[in-house]
Amino acid sequence: MTNTVAIIGTGAVGATIGAWLTADQALQVTLCARTPFERLRVETPAGVLESTPRLLLEPEAAAPVDWVIVATKTYDAGGASRWLDRLLGPCTRLAVLQNGVEHLARFPEVEPASVVPVIVDIPAERTAPGQVVQRRTGSLTMPAGANGEAFARLFAHTPIETSLTDDWLTAAWRKLAVNCAGAVSALTLKPAGIVADQEVAALMRAMVLECVAVGRAQGARLDDGLADEVVEGYRQGPPDSINSILADRLAGRATEADARNGVIARLGRRHAIPAPLNHMADVLLRAS
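Residues numbered from 1 in each chain as written. Predicted model: local features only at pLDDT ≥ 70, side-chain atom pairs only at ≥ 80, totals over all residues. Heavy atoms only, no water.

In the annotation of an unreviewed UniProt entry, the protein is listed under the name 2-dehydropantoate 2-reductase and assigned to Novosphingobium soli. As its UniProt record puts it under Sequence similarities (unreviewed entry), the protein is described as follows: "Belongs to the ketopantoate reductase family." As recorded by UniProt, the Function (unreviewed entry) comment attached to the protein reads in full: "Catalyzes the NADPH-dependent reduction of ketopantoate into pantoic acid." (UniProt positions renumbered as here; feature names shortened; annotations may be inferred.)

A. Expanded view of the sheet that holds strand β12 (residues 161-165). Pairing is mixed across the open sheet formed by eight strands, whose spatial order is β5-β2-β1-β6-β7-β8-β11-β12. With one partner strand each, in any of the chains shown, β5 (54-56) and β12 form the two edges of the open sheet. For this sheet the average axis-to-axis angle between neighbouring strands, irrespective of direction, equals 25 degrees. With four bridges joining them, strand β7 (residues 93-97) and strand β8 (residues 115-121) adopt parallel strand pairing. Note that in β8 the partner of Val96 across the bridge is Pro117. With respect to the sheet, helix α2 (residues 77-87) is in contact with β1 (3-8), β2 (27-32), β5, β6 (67-70) and β7, its orientation differing from that of β1 by roughly 160 degrees. (Pairing = 2+ DSSP bridges. Helix = DSSP H or I, 4+ residues; strand = E, 2+ residues; numbered from the N terminus. Axes fitted to C-alpha atoms, helices over the stretch in contact; angles between N-to-C directions. Contact = heavy atoms within 4.5 Å.)

B. Here's a closer look at the sheet that holds strand β9 (residues 124-128). Taking strand neighbours across the sheet as the criterion, the four strands line up as β4-β3-β10-β9 in an open arrangement whose pairing is mixed. Edge strands, defined here as strands with exactly one partner in the open sheet, are β4 (47-51) and β9. Each neighbouring strand pair of the sheet contributes to a mean axis angle of 15 degrees, computed without reference to strand direction. By the bridge criterion, four bridges tie β9 to strand β10 (residues 131-134) in an arrangement that is antiparallel. What sits directly across from Ala124, in β10, is Gln134. Where helix α1 (residues 12-22) meets the sheet, its contacts fall on β3 (40-44), β4, β9 and β10, and the angle it forms with β3 comes to roughly 95 degrees.

In structure tokens form, the structure reads like this:
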């Protein structure tokens, strides 16, 4: 049985996912993009994937599919929603591949039972429209259940690791802990090696501890040791590594500061938990 798939967003993640899914002859893949390109070319750790997928530039040309995958930046959820009226049918499932912890809240018009929130860890960089370098095979994490299992099956032919979790909330907040600390690189315009500075490392720990406190209030199972774990992860990584929010700043693009730092401050206020460092990072990144 052929599955029809539409991917909204052809940035680094959307293009990478699109290249892998297009390689499966059992899938009919459509890319929904703003900028046209003739060929999709992704340099993966397993080799180069090249294809000429079906490309749509306007929602009016779209039709209902089995799966819609939203791979836009979090701040472009409104742009992604423009496609949903045409792509969603009575049996369509929506997978949201974005940062943060508010996957469902960004698409309130969609029945929650048909939405699969996905935690994405696929380091990749877009070098030009339709051209991406995938640095590491990466992984996708979904809630356990029939929808999560069905989404994972789409990637059975790929080396991308898929996993199901009974505690997606905790997994999402753990990823947010990593992402919130990454704001230091975006603010200083320096790669991950900046963590070698002890004062910077202490600042990153404090940002993560704010995230942990708010995450607990939201129901995530987090302990204070996560702060040291995150900092050590940055230390063990390549010192010249450039995370996505730093890449956005260097390219002069908008950043996902709200989804990575602002959300911690916003939800913290709901629980009367102060998160001044994440609030500051959000404000400064949005103002820069």
